[in-house]
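One-letter residues, chain by chain:
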Amino acid sequence: MSTGSRVKNPAMWFVPSRRENRRDIFRILRLETRMEMLKLLRAPSFVVPTFSFPILFYVLFGLLLADKMSSGSATGASAYLLVSYSAFGVIGAHLFALGVGVAGEKGMGWMRLKRASPMPPLAHFFARILVALAFGAALVLIMFALGAAFGGVRLTQATWLGLGLWLILGGIPFSALGLALGHLLGPNSAPATLNLIYLPISFASGLWMPIWFLPEWLQTAAQALPPFHLGVQGHAMIGAANEAPPLVTSALVLAVFTGLSLLLAVTAWRREETE
Amino acid sequence: MTRDAFRFFTGLAGATLAVMGALMLMPTSDEAVAEPGAATPAITTDDHFAIVGVRLFDGESVLEQATVVVDDGLVAAVGPRDHVDVPDGATIVRGADLTALPGLVDSHVHAFGDALEQSAVFGVTTVLDHFTDPEFVRRMRQEQDDGRAGARADLFSAGVLVTKEGGHGTQYGFDIPTFDVDPDKVSAAELRTAAREFVDARVAEGSDWIKIVYDRLGDPSGKDAGQRPHLGRVAVAALIDAAHAAGQLAVVHITEREAAREVLEDGADGLVHAWIDEPIDDALVDLARKSRAFVIPTLTVLESVSGTAGGAPLAADDELARFLPRTALGSLRRPFEAEPDPSRLEVALGAVGALHRAGVPILAGTDAPNPGTAYGVSMIRELELLIRAGLAPTEALAAATATPMASFGLGSKLGRLVAGAPADLLLVAGDPTTDVHAMRDIVAVWKRGSLVPRTPVPDEVSVSSALDAGIIGSFDTSEGQLLGNGEQEILEADQGFGWAASVDARMGGTSTVTLRVEEGALVMDGEIRDGFAFPWAGTIYFPGSRPMEPTDLSGVGELVLRARGDGGSYRLMVFSPSIGQIPAQQGFQVTEEWTEYRFDLQKLGGDRRDISALSIAAGPAMGPFHLEIDDVELLAK
């Protein structure tokens with residue numbers, strides 16, 4: 001790496017400290033990612049709920065109970081709920097990987113140790129987001145495979161690809177929220193509090209059942225909820241959305257939401273630093 | 001780039017590529033469906049929706065890849081998918097592999113009870129009634145006109161049919177006006193005036209057309225041929241003319257080929273029923289074509305008149321049966337009591353085929369709820385039989401949609417799926433325009449844009465009490481006890497809740513009865529009076545622990561009683577939720593001598609698992625009555 005390109009080097013972004021040797025950043029990132037991945041894989045309290053709930057819901061409501069009576073055609077309900085529960089699962093993966101993880105590490109004092117280490121803290125969070133993305137991607141692929149194999153879901157290649165990437169990348173805002181909450185919440189209260197936020201907003205956003213089954217006021221309120229925008233654009237991609245806002249609106253809502261969450265995270269982080 | 005950076009980025013890129021590769025391996029659909037209408041549920045409860053990419057049958061012809069937009073109870077737009085814009089705010093219903101049709105029209109029913117609701121469940125959103133209780137018609141039409149009818153079929157009705165006293169149509173227990181002018185005894189002018197007065201009275205009652213019975217055989221089974229009085233040809237012709245003078249269609253119920261020929265010669269606008277006696281001939285085909293009459297062959301009921309229950313295959317189809325009440329299933333499986341003779345149905349099929357080839361409009365009608373038929377579901381059988389007679393699937397579907405409404409001149413675009421029509425529509429899986437079997441695979445039905453609820457009928461009967469065989473009415477205690485009209489008094493029974501007086505006051509009738517126990521027998525004195533279409537008065541027995549509690553009487557085979565009285569006709573009525581609103585009944589005639597009467601409950605009461613009451617009553621014949629009963633006993637089967 002030439003010194004002339006130093007300013008443009010994206011790795012600069014990860015350098016908070018003069019003590020740090022840039023050359024090690026990717027090594028750190030790689031190792032952190034791997035370790036985080038291993039850590040989560042070995043934590044049944046993360047893997048089991050993250051994967052089993054959306055899959056269980058989908059198998060039950062999207063595949064087994066989606067007979068012709070409730071949906072008109074099996075493919076219809078199976079495809080619709082595939083999007084809903086995939087979004088639901090992806091959000092969960094990000095919220096919990098970051099939220100519970102960070103809060104837990106904070107509680108164990110691990111975070112303090114890491115801060116004292118020469119590792120750039122952003123690398124640590126970036127690694128966590130990558131891991132959450134990986135879990136989200138795995139979940140989406142499992143769900144898609146289930147829908148295609150047992151629900152008869154058939155989409156064009158472009159739709160599969162677009163929908164998959166939208167759902168996988170659409171988890172990032174919830175990583176930001178998880179990060180913020182992880183810093184705000186205590187290690188013991190984090191899982192319960194996250195569930196208290198995660199389950200109701202997923203429900204209100206129409207990720208459990210089609211949003212038109214919810215009361216009118218809730219449908220209106222859902223427009224302000226980020227999970228609604230993640231779900232509704234997914235539904236729009238397969239032509240199953242009822243009154244979808246423009247993609248730009250949803251993307252904007254999610255971006256603003258990400259920004260606010262990061263701001264919150266940074267504030268919490270600063271507060272911890274001064275403690 | 002450092003080695004670590006390289007390893008990090010290659011790892012990231014590898015993972016990304018793996019995910020994208022996996023996504024690209026997902027199975028794809030044949031058609032481009034990444035646009036609206038791709039994978040939406042094919043059902044919506046919204047009143048503003050669009051069915052996109054659907055196969056459309058508009059009542060006459062087929063259009064592939066169509067879009068139907070429904071808003072506010074009306075069809076807002078229909079056309080090729082590329083030409084019809086889906087409005088903002090419309091819920092999109094995926095139409096791939098589905099066919100949208102206008103709601104079906106059953107051109108021949110007798111509407112009672114849940115007829116309109118049951119019809120709608122099977123996509124029949126309009127029924128043309130050819131005689132029922134006039135009060136039922138008045139009430140249903142009032143709700144329909146006020147927009148309070150909800151998701152049930154629209155009703156059009158002939159009102160009271162025109163028959164002779166004691167003729168076909170009078171055997172159903174309604175007290176109806178009859179046309180009893182004898183053409184031999186009055187002048188042509190008097191006959192004309194009488195016919196006109198009769199027809200005008202029907203029009204004033206709200207009849208949508210005039211139905212005349214020219215039933216020279218009496219019973220369609222032919223068993224009691226010639227026994228029942230019927231209108232003569234001259235009277236029928238005068239009535240046809242009177243209907244035309246009043247601006248009404250005259251449709252004529254016939255059962256024989258020659259009757260068909262005569263009424264067509266005399267100007268009938270439509271034939272109700274085909275015939276099963278003699279094969280059609282060219283002259284009759286020619287006559288029908290030239291007279292521009294239409295024919296409602298009712299092949300479904302003719303099939304069961306021929307001795308085969310045409311509804312049996314429908315009742316055997318679980319997908320259909322789960323929406324049918326037990327009464328409907330029983331009706332579908334029951335043929336008319338006749339020796340099976342498929343050749344008789346062939347006569348009707350041959351006639352329909354020949355008439356259709358000559359261009360005579362054929363209308364699909366079932367004659368539900370006659371034996372072998374049931375509301376709604378029997379249209380599926382009728383379509384199958386019309387195709388067997390030689391109609392193409394699309395022609396059979398037209399016979400069940402656009403043709404009847406055009407033939408009867410009933411406007412409002414019912415029976416067609418065009419812009420501006422009421423949003424009565426039926427969505428089925430598959431392609432009924434090539435294979436009518438697809439009509440069994442109903443996905444959704446909308447009536448005036450509202451989704452018709454299609455809930456499977458629970459199989460279970462909830463019965464909490466049971467009654468075994470034994471005496472239920474010895475009347476040996478409570479000597480002298482007196483029970484009058486409408487009093488909530490109960491006469492203790494040997495088992496079960498007890499006996500009570502029962503009159504039609506609740507239904508607006510004015511009949512009366514007094515019950516008293518005298519010399520160990522139950523004595524009824526009363527009078528059947530006008531006021532309700534099915535007047536009755538008598539006694540009612542409740543087998544449960546409270547009045548009208550469904551009770552399991554499956555261990556019982558027969559009911560035996562002794563009776564004597566004034567020589568009039570009485571009936572035993574069996575009430576049961578599974579029998580339906582109209583009780584099963586069997587008449588008996590008493591004499592002044594004590595006589596024993598036996599009633600086969602296995603035949604009357606179905607499986608007898610939920611019998612809520614048994615009634616022994618007078619009516620519908622008007623006048624005072626006197627009846628005594630004793631030793632009422634239920635016998636084990």
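No experiment lies behind these values; they were computed from the predicted model shown.

**Points about the overall build of chain B**
- From N to C terminus, chain B includes 16 helices and 29 strands.
- Within chain B, the proportion of its 637 residues that are buried is 57%.
- Long-range pairs, those at least 24 residues apart, make up 71% of the contacts in chain B between residues at least 6 apart in sequence.
- Total accessible area on chain B is roughly 24,900 Å²; 51% of this is exposed by carbon and sulfur atoms.

**Concerning the packing of aromatic side chains**
Residues and elements named next belong to chain A.
- Within this structure, the stated rule accounts for 26 aromatic pairs over all chains.
- Both rings, one in Phe174 and one in Phe257, keep their centres 5.6 Å apart while their planes meet at 50 degrees; by these two values the pair is tilted. Of this pair, Phe174 sits in helix H8 (residues 172-184) while Phe257 sits in helix H12 (residues 247-274), placing them 83 residues apart in sequence.
- A residue is classified by how much of its surface remains accessible, and Phe174, at 1% relative accessible area, is buried.

**Observations concerning a positive patch on the surface**
- On the surface, Arg27 and Arg34 of chain A together with Arg3 and Arg7 of chain B cluster together to form a positively charged patch.
- If you list the elements that add at least two residues to the positive patch, you get helix H1 (25-41) of chain A together with helix H1 (3-24) of chain B.
- By the element assignment, Arg7 of chain B lies in helix H1.

**A word on unusual backbone geometry**
Residues and elements named next belong to chain B.
- With omega at 5 degrees, the peptide bond leading from Ala368 into Pro369 counts as cis.
- Counting through the fold element by element, Pro369 comes out in the loop between helix H12 (342-357) and helix H13 (378-388).
- Positive phi values are uncommon outside glycine, yet His273 reaches one of about 85 degrees.
- Within the fold, His273 resides in the loop between strand S11 (270-272) and helix H7 (282-291).
- Given the relative accessible area of 6%, His273 is considered buried.

**Details of the confidence of the model for chain A**
Residue and element names in this part refer to chain A.
- Residues of chain A with pLDDT of at least 70 account for 83%, and the chain-wide mean is 80.
- Taken element by element, chain A is modelled with least confidence in helix H3 (residues 68-71), mean pLDDT 38, and with most confidence in H8, mean pLDDT 91.
- For the stretch residues 1-20, pLDDT sits under 50, and the model shows 24 contacts to residues farther than four places along the chain or on other chains.
- Per-residue pLDDT stays below 50 along residues 68-75; that stretch engages in 23 contacts with residues further than four places along the chain or on separate chains.

**Some details on the sheet that holds S11 of chain B**
All names here are of chain B.
- Spatial ordering of the open sheet is given by S9-S10-S11-S12, a layout of 4 strands whose pairing is parallel. At either end of the open sheet lies a strand with only one pairing partner, and these are strand S9 (210-213) and strand S12 (294-296). Neighbour to neighbour, the strand axes of the sheet diverge by 25 degrees on average, direction disregarded.
- Bridge count between strand S10 (residues 250-253) and S11: 3 bridges; the pairing is parallel. Of the residues in S11, the one forming a bridge with Val251 is Gly270.

**Brief notes about the nonpolar core**
- If you look at the biggest cluster of nonpolar residues, it comprises 102 residues, and the most contacted ones within it are Phe179, Ile212 and Trp275 of chain B.
- Per element, the largest residue contribution to this core is 8 residues, and it comes from H12 of chain B.
- Of the residues that make up this core, three or more belong to each of domain 1 (31-102 + 415-455) and domain 2 (104-414) of chain B.
- Those residues in contact with Ile212 of chain B, other than ones at most four positions away along the chain, are Val162, Leu231, Val236, Leu239, Ile240, Ala250, Val251, Val252 and His253 of chain B.
- In terms of nonpolar packing, the next biggest core, distinct from the first, is built from 83 residues, Leu29, Ile129, Phe144 and Trp166 of chain A among them.

**Re the environment of Asp47 of chain B**
All names here are of chain B.
- Here Asp47 shows up in the loop between H1 and strand S1 (48-57).
- When its relative accessible area of 47% is taken as the criterion, Asp47 is described as partly exposed.
- Asp47 sits 24 residues away from Asp71 along the chain, and the two C-alpha atoms are 5.9 Å apart.
- The residues contacting Asp47, other than those within four sequence positions of it, are Val70, Asp71, Asp72 and Gly449.

**What about the packing of helix H7 (residues 157-169) of chain A against helix H11 (residues 226-237) of chain A?**
All names here are of chain A.
- Packing of H7 against H11 brings their axes to within 10 Å, and their N-to-C directions diverge by 180 degrees. Here H7 lies roughly antiparallel to H11, going by the angle between them. On H11, the residues touching Thr159, Gly162, Leu163, Trp166 and Leu167 of H7 are His229, Leu230, Gln233, Gly234 and Met237.
- When grouped by side-chain class, the residues that make up the contact of H7 with H11 number 5 nonpolar, 5 polar and no charged.

**With respect to the pairing of strand S21 (residues 521-528) of chain B**
Residue and element names in this part refer to chain B.
- Counting buried positions along S21 gives 6 out of 8 residues, so the element sits mostly inside the fold.
- Sheet topology places strand S20 (residues 512-518) next to S21; 7 bridges connect them, and they run antiparallel. Within S21, the position partnered with Glu518 by the bridge is Ala521.
- Here S20 folds back onto S21 in antiparallel fashion, the turn holding 2 residues, of which Glu519 has a positive phi close to 50 degrees.
- Pairing geometry for S21 and strand S29 (residues 623-636), over 7 bridges, is antiparallel. Residue pairing for S29: Gly526 is matched across the bridge by Phe625.

**With respect to H1 of chain A**
- An ideal rise of 1.5 Å per residue puts 24 Å on 17 residues; H1 of chain A measures up with 24 Å between its terminal C-alpha atoms.
- Every buried residue belonging to H1 of chain A is among Ile25, Phe26, Ile28, Leu29, Arg30, Glu32, Thr33, Glu36 and Leu40 of chain A, and all of these are buried.

**A short note on the environment of Tyr597 of chain B**
All names here are of chain B.
- When you line up the elements, Tyr597 lands in strand S27 (residues 595-600).
- Residue Tyr597 is classed as buried on the basis of its relative accessible area, which comes to 12%.
- Between the C-alpha atoms of Tyr597 and Val632, which are 35 residues apart in sequence, the distance is 9.6 Å.
- For Tyr597, the contacting residues outside a window of four places in its chain are Leu559, Val560, Leu561, Ala563, Phe588, Gln589, Val590 and Thr591.
- Among the polar contacts made by the side chain of Tyr597, one reaches the main-chain carbonyl oxygen of Gln589 at a distance of 2.8 Å.

**A closer look at the sheet that holds strand S6 (residues 104-109) of chain B**
All names here are of chain B.
- If you walk across this open sheet you meet the 3 strands as S6-S7-S8, and the pairing is parallel. Only two strands of the sheet have a single partner each, and these edge strands are S6 and strand S8 (154-157). Pairs of neighbouring strands in the sheet enclose a mean axial angle of 20 degrees, with direction left out of account.
- In this sheet, S8 lies alongside strand S7 (residues 124-129) in parallel orientation, the contact comprising 4 bridges. Bridge pairing in S8 places Leu128 opposite Phe156.
- Its contacts with the sheet put helix H3 (residues 134-145) on S7 and S8, and the angle it makes with S8 is roughly 135 degrees.

**Section: the packing of H7 of chain A against H1 of chain B**
- For the pair H7 of chain A and H1 of chain B, interaxial distance at closest approach is 8 Å and the crossing angle is 140 degrees. Taken together, the axes of H7 of chain A and H1 of chain B lie oblique to each other. The two elements H7 of chain A and H1 of chain B meet at a crossing, and its hand is right-handed. Listed contacts from H1 of chain B to Gln157, Trp160, Leu161, Gly164, Leu165 and Ile168 of chain A of H7 of chain A are Val19, Met20, Leu23 and Met24 of chain B.
- Residues of the contact of H7 of chain A with H1 of chain B, tallied by class, amount to 8 nonpolar, 2 polar and no charged.

Criteria and cut-off values
- Residues numbered from 1 in each chain as written.
- Chains lettered and ligands numbered in written order.
- Predicted model: local features only at pLDDT ≥ 70, side-chain atom pairs only at ≥ 80, totals over all residues.
- Heavy atoms only, no water.
- Helix = DSSP H or I, 4+ residues; strand = E, 2+ residues; numbered from the N terminus.
- Buried < 20%, exposed > 50% of the residue type's maximum accessible area, 1.4 Å probe, protein only.
- Contact = heavy atoms within 4.5 Å.
- Areas by Shrake-Rupley, 256 points an atom, 1.4 Å probe, with all protein chains shown as cover.
- Phe/Tyr/Trp six-rings, centres within 6.5 Å; stacked < 30°, edge-to-face > 60°.
- Patch = residues over 30% accessible without salt bridge, like charges linked within 9 Å, V, L, I, M, F, W, Y side chains within 5 Å.
- Salt bridge = Lys/Arg side-chain N within 4 Å of Asp/Glu carboxyl O.
- Lys, Arg positive; Asp, Glu negative; His and termini not counted.
- Charge placed at Lys NZ, Arg CZ, Asp CG, Glu CD.
- pLDDT = per-residue confidence, 0-100.
- Pairing = 2+ DSSP bridges.
- Axes fitted to C-alpha atoms, helices over the stretch in contact; angles between N-to-C directions.
- Core = buried A, V, L, I, M, F, W, Y, C linked by side-chain atoms within 4.5 Å.
- Domains from an automatic or database assignment.
- Parallel < 35°, antiparallel > 145°, perpendicular 65-115°, else oblique.
- Nonpolar A, V, L, I, M, F, W, Y, C, P; charged D, E, K, R; others polar.
- Expected span 1.5 Å × (residues − 1).
- Polar contact = N/O pair within 3.5 Å; in protein donor to acceptor, adjacent residues only side chain to side chain.
- Left-handed = near helix turned anticlockwise from the far one by under 90°.

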